[in-house]
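Structural overview for review
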Amino acid sequence: EKGTYPYYMLKEIDEQPATMRRIISEYTDETGTVVIEEPLLQSLLTSDRIYIVACGTSNNAGWASKQIIEGLANIPVEIHLSSEFGYNMPLLSEKPFFIYLTQSGETADSRQVLVKTNKLGYPSLTVTNVASSTLSREASYTMLLHAGPEIAVASTKAYTAQIAALTVLAKAVGEAKNIPAAEEFDLTKELGIAANAMDIMIAEKTMIEGIAEEYLATTRNAFYIGRSEDYYVSMEVALKLKEISYIQAEGFAAGELKHGTIALVEEGTPVIGIITEAVTAPHTRGNLREVESRGAHTLVIASEELSKKGDQIILPIVHQFLRPLVSVIPGQLIAYYATLLRGYDVDKPRNLAKSVTVE
Ligand code: M6R
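Okay, so let's go over this structure. (Residues numbered from 1 in each chain as written. Predicted model: local features only at pLDDT ≥ 70, side-chain atom pairs only at ≥ 80, totals over all residues. Heavy atoms only, no water.)

**Comments concerning the overall build of the protein**
- Of the regular secondary structure elements, the protein holds 14 helices and ten strands.
- Taken over C-alpha atoms, the radius of gyration comes to 20 Å for the protein, in line with the 21 Å a tight globule of 359 residues would show.
- With the principal axes as the frame, the protein shows a C-alpha extent of 55 × 45 × 45 Å.
- Put simply, the protein has 359 residues, and 57% of those count as buried.
- Just so you have it, the protein exposes about 14400 Å², and 51% of that area is on carbon and sulfur atoms.
- Charge centroids of the protein, computed over 31 positive and 45 negative side chains, lie 3 Å from each other. (Helix = DSSP H or I, 4+ residues; strand = E, 2+ residues; numbered from the N terminus. Rg over C-alpha atoms; globule rule 2.2 N^0.38 Å. Buried < 20%, exposed > 50% of the residue type's maximum accessible area, 1.4 Å probe, protein only. Areas by Shrake-Rupley, 256 points an atom, 1.4 Å probe, with all protein chains shown as cover. Lys, Arg positive; Asp, Glu negative; His and termini not counted. Charge placed at Lys NZ, Arg CZ, Asp CG, Glu CD.)

**Points about the packing of aromatic side chains**
- For the coordinates displayed, the defined rule picks out twelve aromatic pairs.
- Ring plane angle 65 degrees and centroid distance 6.3 Å describe the contact between Phe185 and Phe321, whose orientation is recorded as edge-to-face. With Phe185 in the loop between helix 9 (180-184) and helix 10 (187-202) and Phe321 in the loop between strand 10 (313-315) and helix 14 (323-341), the pair connects residues that are 136 residues apart, well separated along the chain.
- According to the relative accessible area criterion, Phe185 is buried, its value standing at 2%.
- Site record: aromatic cluster; members linked through ring pairs are Tyr51, Phe85, Phe98, Tyr100 and Tyr122. (Phe/Tyr/Trp six-rings, centres within 6.5 Å; stacked < 30°, edge-to-face > 60°.)

**Some thoughts on the sheet that holds strand 5 (residues 141-144)**
- Spatially, 2-1-3-4-5 is the arrangement adopted by the five strands of the open sheet, whose pairing is parallel. Edge positions in the sheet fall to strand 2 (77-81) and strand 5, since each has one partner strand and no second. Taken over all neighbouring pairs, the strand axes of this sheet differ in orientation by 20 degrees on average, direction set aside. (Pairing = 2+ DSSP bridges. Axes fitted to C-alpha atoms, helices over the stretch in contact; angles between N-to-C directions.)

**Points about the packing of helix 4 (residues 56-73) against helix 8 (residues 157-176)**
- Direction vectors running N to C along helix 4 and helix 8 enclose 20 degrees, while the axes themselves pass 9 Å from each other. The pairing of helix 4 with helix 8 is recorded here as roughly parallel in orientation. Considering only the axes of helix 4 and helix 8, their crossing is right-handed. Counting all contacts with helix 4, which are made through Thr57, Ser58, Asn60, Ala61, Ala64, Ser65, Ile68, Ile69, Leu72 and Ala73, the residues of helix 8 involved are Tyr159, Gln162, Ile163, Leu166, Thr167, Ala170, Lys171, Val173 and Gly174.
- Of the residues contributing to the contact of helix 4 with helix 8, the split by class is eleven nonpolar, seven polar and one charged. (Parallel < 35°, antiparallel > 145°, perpendicular 65-115°, else oblique. Left-handed = near helix turned anticlockwise from the far one by under 90°. Contact = heavy atoms within 4.5 Å. Nonpolar A, V, L, I, M, F, W, Y, C, P; charged D, E, K, R; others polar.)

**Quick look at the pairing of strand 1 (residues 49-54)**
- With five of its six residues buried, strand 1 lies for the most part within the structure.
- Pairing between strand 1 and strand 3 (residues 96-102): five bridges, direction parallel. Its bridge partner lying in strand 3, Tyr51 is registered against Phe98.
- In the sheet, strand 1 pairs with strand 2 via five bridges, with the strands oriented parallel. Bridged to Ile52 within strand 2 is Ile79.
- Crossover handedness for the path strand 1 to helix 4 to strand 2: right-handed. (Right-handed = clockwise from strand over helix to strand, strands pointing away.)

Here you go:
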């Protein structure tokens, strides 16, 4: 039930910090040790490559989790679109392990790949919000998101829950392999800090509503740009914006703008930069200056430690691996408020269904 909320999407955005805390309690024991099913752990310990297969927002969550898994568990990770992978399968490693990310657990595009990898005898994990779902039943293992039902078509809490669940997985595998980065990573503490940072961002609703009004009330198109993790989050928040507000929105690798997309920038085109990483921050800022000099209406979402005077949205500092959990929130809220302003149904966008059960 959405209770006092006007839309499920807003309720689900608000539920994200609590979901982080639930994931901590579901996946740690009394001593604070991170626990995943033993057979799942053993299977991952013998695999030489992880293939994440997913659609839409779940695919974007895969991208945001790649560095976490590679950094903590030291296993190479590839991310694939389900609708492409099944019919155009790449050359696989010797010991592949498949992770199906699917909020609903019913997505047909993802299921057709699972059917194929099952036939080939490869181990698989479904990370899902729905315990009795098809992909959960048909995969070797399941990890639940514990996010509570997600009703709005635009996925929000499943995105952050998927990243958190894969962080749990990476920590457990990395610890079992004695990887120093995993041993040093205090999951309970860092996810707790991220949950608090999410609360801080969520409390900025009024400010973000004002930004949506200033930048997106009438525009035809909009761009999000960033590098590495900030690029992955850009893809996710652009998807959010386009699917519910119908603004033509794209998330771009900031460095790629000048290789073509910059031609689309006109007087007043909103270009939103996400900046959370020290090494790439000056470059993304440079790209923002380039578009600004061509008339773009630029907006900066930056981590506190990298923020500069004039930046509009400041993100609290969290562990480097967990930045997407926080940097995604302004974009979720921007999409929500832009849609309200433009007079559309936030929870039920045209042409879309909550679970897509046809290929
Ligand atoms: O249930 P799934 O996670 O498999 O769904 C995948 C996509 O259909 C879904 O994330 C879709 O992109 C959302 N509407 C995005 O907000």
